Amino acid sequence: MNGSPSGITYPRPLRPGDTIAVTASSAPVRPEHEGRLDFVIGWLRDRGYRVVEGECLRGEGVVSASAQDRADEFNAFVRDPSVRAVVPPWGGETAIDIVDLLDADALAADPTWVVGWSDISTLLLPLTLRSGVATLHGQNLMDTPYDLPRGTAHWLDVVARERGEKFVQQDPGVRRRGGWDDWSRLPAVTRVDLSEPASWRYDGGSLDVTGRLIGGCLDVVCHLAGSPFGDVPRFAERCPEGTIVYLENCEAPALEAARMLHGLRLAGWFDGARAVLLGRTGAKTSGDFTQDDAVEDALGQLDVPVVRDVDFGHVPPGSVLVNGALARVTMDGPRHEIRQSFV
């Protein structure tokens, strides 16, 4: 693998005029949400991007097509030199069924930005681990038109950066108030009510650490641990800077989350970690056992700083974290930021 001392390669910048391919590697866009899909594709085209829709995109099942068809379409887009980014409409439930069908060698041969979050992190993590190509955990296609708060980078801005450039994600100090928008009724909505005060949390005073970002949605990436597709310990061995592991819990109750985190600990995911970032979660407690209890139970014995309630994942706003990027995490009084470098 070429690129950084850790073997990370960054796809070339995405510019207006380039092609974005849209494929549902997990859940399809159901008929009641097609208006939102059409609005977002038009929004991108208005900004100068070419958008290609895959055949595995619209439908009503749990997944958009068979595992083989979804994998074939994803691989075809990655192999197409005219496609500079592959983006899903959203996540889903069972992207894991195509992990072993993805062509990581093709991605390494012609690095293309692969973007997404939630169930799509099931694909992002192994693609970076096996190809050495950076992938982007951030806003997906259906979220793309939303306005973002101060200090939160948009994925289109991040993938437009050159190798060697940096960008900063700051603590916006707010979170979303209320639930998800009804896209069937409001397909063209672009504003989010971000009026609920919130903040990143670190209990250890000040913090200033550097490492390579790697991680995803806890609910799904935990199932990759111990397999060739979730070999984070081997990735860490190739990172002289150490790693910064990021995880966010979508919906696992606290006791289940504790088991997931313990499983990753036993699989060596936190060996060599300089810090762990945990996304803000709306997942439930297990009686009196809270989500904070789950973190303390599984990670409290580690000599690794843990920053909680970071804005990425299922509680908007969603920050961009680039798998493989060199990140500097700073928690110092009111200064809360993650500086990511394409080196």
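Quantities reported herein were computed from a predicted structural model and do not represent experimental measurements.

The rules behind the values
Residues numbered from 1 in each chain as written. Predicted model: local features only at pLDDT ≥ 70, side-chain atom pairs only at ≥ 80, totals over all residues. Heavy atoms only, no water. Helix = DSSP H or I, 4+ residues; strand = E, 2+ residues; numbered from the N terminus. Rg over C-alpha atoms; globule rule 2.2 N^0.38 Å. Buried < 20%, exposed > 50% of the residue type's maximum accessible area, 1.4 Å probe, protein only. Contact = heavy atoms within 4.5 Å. Areas by Shrake-Rupley, 256 points an atom, 1.4 Å probe, with all protein chains shown as cover. Pairing = 2+ DSSP bridges. Axes fitted to C-alpha atoms, helices over the stretch in contact; angles between N-to-C directions. Right-handed = clockwise from strand over helix to strand, strands pointing away. Polar contact = N/O pair within 3.5 Å; in protein donor to acceptor, adjacent residues only side chain to side chain. Expected span 1.5 Å × (residues − 1). UniProt positions renumbered as here; feature names shortened; annotations may be inferred. Core = buried A, V, L, I, M, F, W, Y, C linked by side-chain atoms within 4.5 Å. Parallel < 35°, antiparallel > 145°, perpendicular 65-115°, else oblique. Left-handed = near helix turned anticlockwise from the far one by under 90°.

Q: Please explain the overall build of the chain as it appears in this structure.
A: The number of helices and strands found in the chain is nine helices and 15 strands. By the compact-globule yardstick of 20 Å for 343 residues, the chain fits well, its C-alpha radius of gyration being 19 Å. Dimensions of the chain along its principal axes, counting C-alpha atoms only, are 50 × 45 × 35 Å. Per-residue burial over the chain gives 57% buried out of 343 residues. In the chain, once contacts between residues fewer than 6 apart in sequence are set aside, the share between residues at least 24 apart is 79%. Split by element, the accessible area of the chain, about 13,300 Å² in all, is 47% carbon and sulfur.

Q: I'm lost on the sheet that holds strand 9 (residues 207-217) in this one. Help?
A: Backbone hydrogen bonds are what pair the strands of a sheet, in a parallel or an antiparallel way. With mixed pairing, the seven strands of this open sheet are ordered in space as 6-15-14-9-10-11-12. Edge positions in the sheet fall to strand 6 (166-170) and strand 12 (306-310), since each has one partner strand and no second. Across the sheet, the mean angle from the axis of one strand to that of its neighbour is 30°, orientation sign disregarded. Pairing between strand 14 (residues 326-332) and strand 15 (residues 335-341): seven bridges, direction antiparallel. By the bridge assignment for strand 15, Arg-328 is matched with Arg-339. Against the sheet, helix 9 (residues 291-299) touches strand 11 (273-279) and strand 12, its axis set at about 155° to strand 12.

Q: Help me out: how do you make sense of the pairing of strand 11 in this one?
A: Residues in a regular strand point their side chains to alternate faces of the sheet. For strand 11, the buried fraction is high: six of the seven residues fall into the buried class. Strand direction decides the pairing type here: strand 10 (residues 243-248) and strand 11, joined by five bridges, are parallel. Paired with Ile-244 across the bridge in strand 11 is Ala-275. Where the polypeptide runs from strand 10 across helix 8 (residues 254-266) and back to strand 11, its parallel neighbour, the crossover connection is right-handed.

Q: So what exactly am I meant to see when it comes to the environment of Thr-290 here?
A: For Thr-290, the location among the structural elements is in the loop between strand 11 and helix 9. In the structure, Thr-290 is positioned 260 residues away from Arg-30 in sequence and 35 Å away in space, judged by C-alpha atoms. Apart from residues no more than four positions distant in its own chain, Thr-290 is found in contact with Ala-254 and Thr-285. Side-chain polar atoms of Thr-290 contact the backbone nitrogen of Asp-292, separated by 3.3 Å.

Q: How do you make sense of helix 2 (residues 67-79) when you look at a structure like this?
A: Spacing of three or four residues puts side chains on the same side of an α-helix, whose turn is 3.6 residues. The terminal C-alpha atoms of helix 2 lie 18 Å apart, and with 13 residues this matches the ideal 18 Å at 1.5 Å per residue to within 8%. Buried within helix 2 are the following residues: Arg-70, Ala-71, Glu-73, Phe-74, Asn-75, Phe-77 and Val-78.

Q: How do you make sense of the UniProt feature "domain: LD-carboxypeptidase C-terminal" (unreviewed entry) in the chain when you look at a structure like this?
A: Under the UniProt annotation, the feature "domain: LD-carboxypeptidase C-terminal" (unreviewed entry) is placed at residues 210-329. Secondary structure within residues 210-329 divides into 27% helix and 28% strand; the distance between the first and last C-alpha atoms comes to 6 Å.

Q: What should I look at first to understand unusual backbone geometry in this one?
A: Note: most residues except glycine have negative phi, and most peptide bonds are trans. In this chain, Pro-316 is followed by Pro-317 through a cis amide linkage whose omega measures 10°. Along the polypeptide, Pro-317 turns up in the loop between strand 12 and strand 13 (321-323). In this model, Asp-309 sits at a positive phi of 60°, which is unusual for a non-glycine residue. Looking at where Asp-309 falls in the secondary structure, it is placed in strand 12. On the basis of relative accessibility, which here comes to 18%, the residue Asp-309 falls in the buried class.

Q: I'm lost on the nonpolar core in this one. Help?
A: In a soluble, globular protein the nonpolar side chains are often hidden away together inside. Counting residues in hydrophobic clusters, the biggest one holds 92 residues, and the most contacted among them are Ile-20, Trp-113, Leu-136, Trp-155, Leu-247 and Val-322. No other element matches helix 8, which puts six residues into this core. In this view, Ile-20 contacts Leu-14, Leu-44, Tyr-49, Arg-50, Val-51, Val-52, Ala-85, Val-87, Trp-155 and Leu-156; residues no more than four positions away in its chain are not counted. Counting 16 residues, the second largest nonpolar core, distinct from the first, contains Val-209, Leu-277, Val-310 and Phe-312.

Q: Quick question: what am I supposed to make of the UniProt feature "domain: LD-carboxypeptidase N-terminal" (unreviewed entry) in the chain here?
A: In the numbering adopted here, UniProt assigns the feature "domain: LD-carboxypeptidase N-terminal" (unreviewed entry) to residues 20-138. Overall, residues 20-138 shows 36% helix and 16% strand. The separation of its end C-alpha atoms is 16 Å.

Q: Would you explain the packing of helix 8 against helix 9 in this entry?
A: Packed helices, taken two at a time, are described by their axes: the angle between them and the distance between them. Where helix 8 meets helix 9, the axes come as close as 8 Å, and the angle between the chain directions of the two elements is 25°. It follows that helix 8 is roughly parallel to helix 9 by the angle criterion. Seen along the crossing, helix 8 lies across helix 9 with a hand that is right-handed. When helix 8 is examined against helix 9, the residues Ala-254, Ala-257, Ala-258, Leu-261, His-262 and Arg-265 are found in contact with a partner set consisting of Gln-291, Ala-294, Val-295, Asp-297 and Ala-298.

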